[in-house]
Amino acid sequence: MASTLKDKISALFAGRNGLDMWNYIIVAVDVVLIAVSMLTNSYLPLCIAFLLLILFLFRALSRNLAKRQKENMFFTDAAKAIVRQHKLNGMRWKDRKTHVYKKCPACRKVLRVKRRKGPKDIHCPYCNNDFKIIIRIPGELDKEEKEARKAEARAKK
Ligand SMILES: [Zn+2]
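Residues numbered from 1 in each chain as written. Predicted model: local features only at pLDDT ≥ 70, side-chain atom pairs only at ≥ 80, totals over all residues.

A. Region of interest: the overall build of the protein. Scanning the protein for helices and strands turns up five helices and four strands. For the protein, the succession of helices and strands along the chain, N to C, is α-α-α-α-β-β-β-β-α. Whereas a compact globule of 157 residues would reach a radius of gyration of roughly 15 Å, the protein reaches 29 Å, over 25% beyond that. With the C-alpha coordinates of the protein rotated into their principal frame, the extents come out at 100 × 45 × 25 Å. Here the protein, with 157 residues, has 5% of them falling under the buried criterion. (Helix = DSSP H or I, 4+ residues; strand = E, 2+ residues; numbered from the N terminus. Rg over C-alpha atoms; globule rule 2.2 N^0.38 Å. Buried ≥ 20, exposed ≤ 12 C-beta atoms within 10 Å, placed from the backbone.)

B. Up close: the pairing of strand S2 (residues 110-114). Where strand S1 (residues 99-103) meets S2, five bridges bridge the pair, whose relative direction is antiparallel. Paired with Lys102 across the bridge in S2 is Leu111. Linking S1 to S2, which pair antiparallel, is a turn of six residues; within it Arg108 sits at a positive phi near 65°. (Pairing = 2+ DSSP bridges.)

C. Structural context of helix H3 (residues 44-60). Relative to the 24 Å expected for 17 residues at 1.5 Å per residue, H3 spans 24 Å between its end C-alpha atoms, a close match to the ideal helical length. Taken together, the buried positions of H3 are occupied by Ala49, Phe56 and Arg59. Looking down the long axis of H3, one finds its buried residues gathered within 80° of arc, a one-sided arrangement. Of the exposed residues in H3, those oriented more than 90 degrees away from the buried face are Leu44, Cys47, Leu51, Ile54, Leu57 and Phe58. If you follow the buried residues of H3, they end up packed against helix H2 (21-40) and helix H4 (65-94). (Expected span 1.5 Å × (residues − 1). Arc of directions from axis to C-beta. Contact = placed C-beta atoms within 7 Å.)

D. Up close: the confidence of the model for the protein. Taken as a whole, the protein shows an average pLDDT of 88; of its residues, 94% reach a score of 70 or greater. Ranking the elements of the protein by mean pLDDT puts helix H5 (residues 143-156) last, at 76, and H3 first, at 94. (pLDDT = per-residue confidence, 0-100.)

E. Fine view of the packing of H2 against H3. In contact at an axis separation of 9 Å, H2 and H3 are set at 160° when each is read in the N-to-C sense. When the interaxial angle is binned, H2 and H3 end up roughly antiparallel. Here the hand of the crossing between H2 and H3 comes out left-handed. Here Trp22, Asn23, Ile26, Val27, Val29, Asp30, Leu33, Ile34, Val36 and Ser37 of H2 come into contact with H3, specifically with Pro45, Leu46, Ile48, Ala49, Leu52, Leu53, Leu55, Phe56, Arg59 and Ala60. Looking at the contact of H2 with H3, its residues break down into 16 nonpolar, two polar and two charged. (Axes fitted to C-alpha atoms, helices over the stretch in contact; angles between N-to-C directions. Parallel < 35°, antiparallel > 145°, perpendicular 65-115°, else oblique. Left-handed = near helix turned anticlockwise from the far one by under 90°. Nonpolar A, V, L, I, M, F, W, Y, C, P; charged D, E, K, R; others polar.)

F. View of the domain arrangement of the protein. Looking at the assigned domains, one finds that the protein contains domain 1 (1-67) and domain 2 (87-157). The C-alpha-based centres of domain 1 and domain 2 are spaced at 52 Å. (Domains from an automatic or database assignment.)

G. Representation of H2. Across its 20 residues, H2 extends 29 Å between first and last C-alpha, which sits within 8% of the 28 Å expected from 1.5 Å per residue. Turning to H2, its buried residues number three or more, namely Ile26, Asp30 and Leu33. What you see down the axis of H2 is that its buried residues fit within an arc of 70°, all on one side. Turned more than 90 degrees off the buried face of H2, the exposed positions are Tyr24, Ala28, Val31, Val32, Ala35, Met38 and Leu39.

H. Here's a closer look at unusual backbone geometry. A positive phi angle is found at Arg108, which is not glycine, with a value near 65°. With respect to the helices and strands, the residue Arg108 is situated in the loop between S1 and S2. Accessibility expressed as a C-beta count within 10 Å gives 9 for Arg108, which makes it exposed.

I. Layout of the environment of Arg92. Residue position: Arg92 is located in helix H4. Through-space distance from the C-alpha of Arg92 to that of Pro45 is 40 Å; in sequence the pair is 47 residues apart.

Following this line, the structure appears as structure tokens:
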């Protein structure tokens, strides 16, 4: 009996989308919505949960695998982008005193550049674009500026 039920289930899902990342998330959101509905005695979260359940069934039983996979790719790409941004923020914070992060104007990739005051020629290793940046360090003056300020102060006296 058990094997025939198993066979029936696998036959039902043959050539269909089944469980993917989006569907796991829908199930998780549904559980939360049902809990909220019970805690607040409100039917609205339950209605949303029901609509999501229909969406879940539609996606799980869908035979349009190409489209469902595309949706899944969108999800994994978005998740990867968030992780990448988070790592970058961590790195930025960690070496904020020694390096600056600049976007290549051609390919939009973020490049790590040694933090030295003044103009700098940058070569992008991703797209071989060459561009110039000027690094300004707030609260930090270079020698010439310091001399100029001193001279100014002396002139005032
Ligand atoms: Zn580039």
